[in-house]
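Fold and geometry: a report
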Amino acid sequence: MIDGVEIDHLLLGVPELGAGIRWLQDEFNIAAGKGGRHLGVGTHNALVALGNRTYLEVIAPDPEQLVPKAALPYGLGALPAPRLINWAVRVPDLDTWASRLYQLGIPTQLKARDRVNPDGRRLVWRTAAMPATTFVNGADLTGLIPFAIDWQDTVHPSETAPTGIVLESLSLCHPQVALVQTAAATLELPVLVEQVEEPCLKAQVRSGLGIRRIQ
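Report on the accompanying structure.

**Describing helix α2 (residues 94–103)**
Every buried residue of α2 is accounted for by Leu94, Trp97, Ala98, Arg100 and Leu101. One face of α2 carries all of its buried residues, which in axial projection span an arc of 160°. Opposite the packed face of α2, turned more than 90 degrees from it, sit the exposed residues Asp95, Tyr102 and Gln103. Looking at the buried positions of α2, the neighbouring elements they touch are β5 (83–90), β6 (109–116), β7 (122–129), β10 (147–150) and α3 (177–187). A distance of 2.9 Å separates the backbone nitrogen of aspartate 95 from a side-chain oxygen at the start of α2, and that oxygen is part of aspartate 93. Downstream of α2 by one or two residues, glycine 105 has phi in the positive range, about 85°.

Listed below in structure tokens is the structure:
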């Protein structure tokens, strides 16, 4: 058993951070709080809490970092509009998590990460990093299989992010629904699985404007 697998955050990829923040304001009447820069990665972000120690990370290419578009993670260099591109879970034991990924044929490497907030506060965490593309039994599940994170002693980002949206559910959508269901069960993911023609992540959220969907 992997006791306590929880959704940590969702990544909303946007072509430009300012436009992504305005999109969130228009859709949910929420002003995202500036997060920080991922130095060497080529991205920066803004955050909104989603309740229950979960948050939405609006992530975009950082024009101040000279990282080629092709080298940006999650295909951000070619993203035309806001879209959920990945997600992360909190697990109590990264080694156990990595062994479960190995069962699915997904290589994993434990890495230390960090970023600096606009106020100068440094956040440090460990993550179970995966390849840029994730295949299970020949099927491309990139973005559907989450990466795991351990915040250690760092204050969780949801505790300082603006509030106003609550995550109701997260769905993994894929044409090969049985395969995704098996992968989700192996990792004990707290998600729904839906059969669709095109793979995607789909989040149902609640705000002052009612129940809405982000995907």
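**Quick notes on the pairing of strand β3 (residues 43–51)**
Among the nine residues in β3, eight count as buried, and that is most of the element. Both strand β2 (residues 33–38) and β3 contribute to a ladder of four bridges, which runs antiparallel. Counted as the bridge partner of histidine 38 is threonine 43 from β3. Between the antiparallel neighbours β2 and β3 lie four residues, among them glycine 40 with a positive phi of about 90°. Here eight bridges tie β3 to strand β4 (residues 54–61), and the two strands are oriented antiparallel to one another. When the sheet's bridge partners are listed, histidine 44 is paired in β4 with alanine 60. Between β3 and β4, which pair antiparallel in sequence order, lie two residues; one of them, asparagine 52, sits at a positive phi of approximately 55°.

**A look at the sheet that holds strand β13 (residues 200–207)**
Across a sheet, paired strands are connected by hydrogen bonds in the backbone, their directions being either parallel or antiparallel. Here four strands make up an open sheet; going across it, the order is β12-β11-β13-β14 and the pairing mixed. In this open sheet, the two strands that pair with only one neighbour each are β12 (192–195) and β14 (210–214). For this sheet, the mean inter-axis angle between neighbouring strands, taken without regard to orientation, is 30°. Here β13 runs beside β14; their pairing, made up of five bridges, is antiparallel. Paired with glutamine 204 across the bridge in β14 is arginine 213. Packed on one face of the sheet, helix α1 (residues 17–28) meets β11 (165–174), β13 and β14 and runs near 145° to β14.

**Quick notes on the environment of asparagine 137**
When you line up the elements, asparagine 137 lands in the loop between β8 (135–136) and β9 (139–140). You can call asparagine 137 exposed: its relative accessible area is 72%. Taking the C-alpha atoms as reference points, asparagine 137 and glycine 4, separated by 133 residues in sequence, lie 26 Å from one another.

What counts as what
- Residues numbered from 1 in each chain as written.
- Predicted model: local features only at pLDDT ≥ 70, side-chain atom pairs only at ≥ 80, totals over all residues.
- Heavy atoms only, no water.
- Buried < 20%, exposed > 50% of the residue type's maximum accessible area, 1.4 Å probe, protein only.
- Helix = DSSP H or I, 4+ residues; strand = E, 2+ residues; numbered from the N terminus.
- Arc of directions from axis to C-beta.
- Contact = heavy atoms within 4.5 Å.
- Polar contact = N/O pair within 3.5 Å; in protein donor to acceptor, adjacent residues only side chain to side chain.
- Pairing = 2+ DSSP bridges.
- Axes fitted to C-alpha atoms, helices over the stretch in contact; angles between N-to-C directions.

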